[in-house]
Amino acid sequence: MTDELRKIIFDEEEVQAAIVNQCLRTERKLPQGNIEKVEITDDPSQIVIFSYAHEDGTKKVEFDRDQVGAALILYCKNKKIPLPYDGVKVLKKDGGRLAMMINLDRKSKRSANGPS
């Protein structure tokens, strides 16, 4: 029984572009100014953190796993990066970058459709 695992790695600039685009589409307000730092973490509740220079100090905006996942799926669609619809997608920190792991479980497809 064959399983397939795909791994797409996004650098900080791609993650930032994907999230900013998603915020514009969903009308989520971001602070005015430049993003000074993009931090990728292992915490699913704040997997990406934008830091903005602010007159009162640094202002941080956090994005959870679901928000970032939706942003990256849209980014892939816009960049014509193929993603399987039915694959299980998981985000993981990969060094200073963010990896989307996509598991295509061939076993459940076979059992749902009968023997191949």
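See the structure printed just above.
Residues numbered from 1 in each chain as written. Predicted model: local features only at pLDDT ≥ 70, side-chain atom pairs only at ≥ 80, totals over all residues. Heavy atoms only, no water.

Comments concerning the nonpolar core
Next, step 1: Counting 24 residues, the largest nonpolar core has Ile19, Val48, Phe50, Val68 and Leu98 as its most contacted members.
Next, step 2: For this core, the element with the highest residue contribution is helix α2 (residues 65–78), accounting for five residues.
Next, step 3: When near neighbours in sequence (up to four residues on either side) are disregarded, Leu98 contacts Ile8, Ile9, Phe10, Val15, Ile40, Ile47, Val48, Val68, Leu72, Leu91, Lys92 and Lys93. (Core = buried A, V, L, I, M, F, W, Y, C linked by side-chain atoms within 4.5 Å. Buried < 20%, exposed > 50% of the residue type's maximum accessible area, 1.4 Å probe, protein only. Helix = DSSP H or I, 4+ residues; strand = E, 2+ residues; numbered from the N terminus. Contact = heavy atoms within 4.5 Å.)

Quick look at the sheet that holds strand β1 (residues 3–10)
Next, step 1: The three strands are arranged β1-β6-β5 in an open sheet whose pairing can be described as antiparallel. The sheet is open, and its two borders are formed by β1 and β5 (88–94), each paired with just one other strand. Mean inter-strand twist for the sheet, computed between neighbouring axes without regard to direction, equals 25°. (Pairing = 2+ DSSP bridges. Axes fitted to C-alpha atoms, helices over the stretch in contact; angles between N-to-C directions.)

Examining the packing of aromatic side chains
Next, step 1: Enumeration according to the criterion identifies two aromatic pairs in this entry.
Next, step 2: Ring centres 6.1 Å apart and planes at 75° place the aromatic pair Phe10 and Tyr75 in the edge-to-face group. One end of the pair, Phe10, is in strand β1; the other, Tyr75, is in helix α2, and 65 residues separate them in sequence.
Next, step 3: On the basis of relative accessibility, which here comes to 1%, the residue Phe10 falls in the buried class.
Next, step 4: Its relative accessible area of 13% is what places Tyr75 among the buried residues. (Phe/Tyr/Trp six-rings, centres within 6.5 Å; stacked < 30°, edge-to-face > 60°.)

Some points on the environment of Leu5
Next, step 1: Along the chain, Leu5 falls in strand β1.
Next, step 2: Along the chain, Leu5 and Leu104 lie 99 residues apart, while their C-alpha atoms are 6.2 Å from each other.
Next, step 3: Not counting chain neighbours up to four residues away, the residues in contact with Leu5 comprise Met101, Ile102 and Asn103.

A closer look at the sheet that holds strand β3 (residues 48–54)
Next, step 1: Here we have three strands laid out as an open sheet, ordered β2-β3-β4, and antiparallel in their pairing. Edge positions in the sheet fall to β2 (35–40) and β4 (57–63), since each has one partner strand and no second. Going across the sheet, the axis of each strand differs from the next one's by a mean of 25°, ignoring polarity.
Next, step 2: The strands that helix α1 (residues 12–26) touches are β2, β3 and β4; relative to β2, the one it contacts most, it runs at about 105°.

Considerations on α2
Next, step 1: Across its 14 residues, α2 extends 20 Å between first and last C-alpha, which sits within 8% of the 20 Å expected from 1.5 Å per residue.
Next, step 2: Among the residues of α2, Val68, Gly69, Ala71, Leu72, Leu74, Tyr75 and Cys76 are the ones counted as buried.
Next, step 3: Looking at the buried side of α2, the elements it contacts are β1, α1, β3, β4, β5 and β6 (97–105).
Next, step 4: Where α2 begins, the side chain of Asp64 points an oxygen toward the backbone nitrogen of Asp66, at a separation of 3.0 Å.
Next, step 5: Looking one or two places after α2, you find Lys80, whose phi comes out positive at around 60°. (Expected span 1.5 Å × (residues − 1). Polar contact = N/O pair within 3.5 Å; in protein donor to acceptor, adjacent residues only side chain to side chain.)

Details of the pairing of β6
Next, step 1: Pairing of β1 with β6, which is carried by eight bridges, proceeds in the antiparallel orientation. Across the sheet, residue Lys7 finds its bridge partner in β6, namely Met101.
Next, step 2: Two successive antiparallel strands, β5 and β6, enclose a turn made up of two residues, where Gly95 displays a positive phi of approximately 70°.

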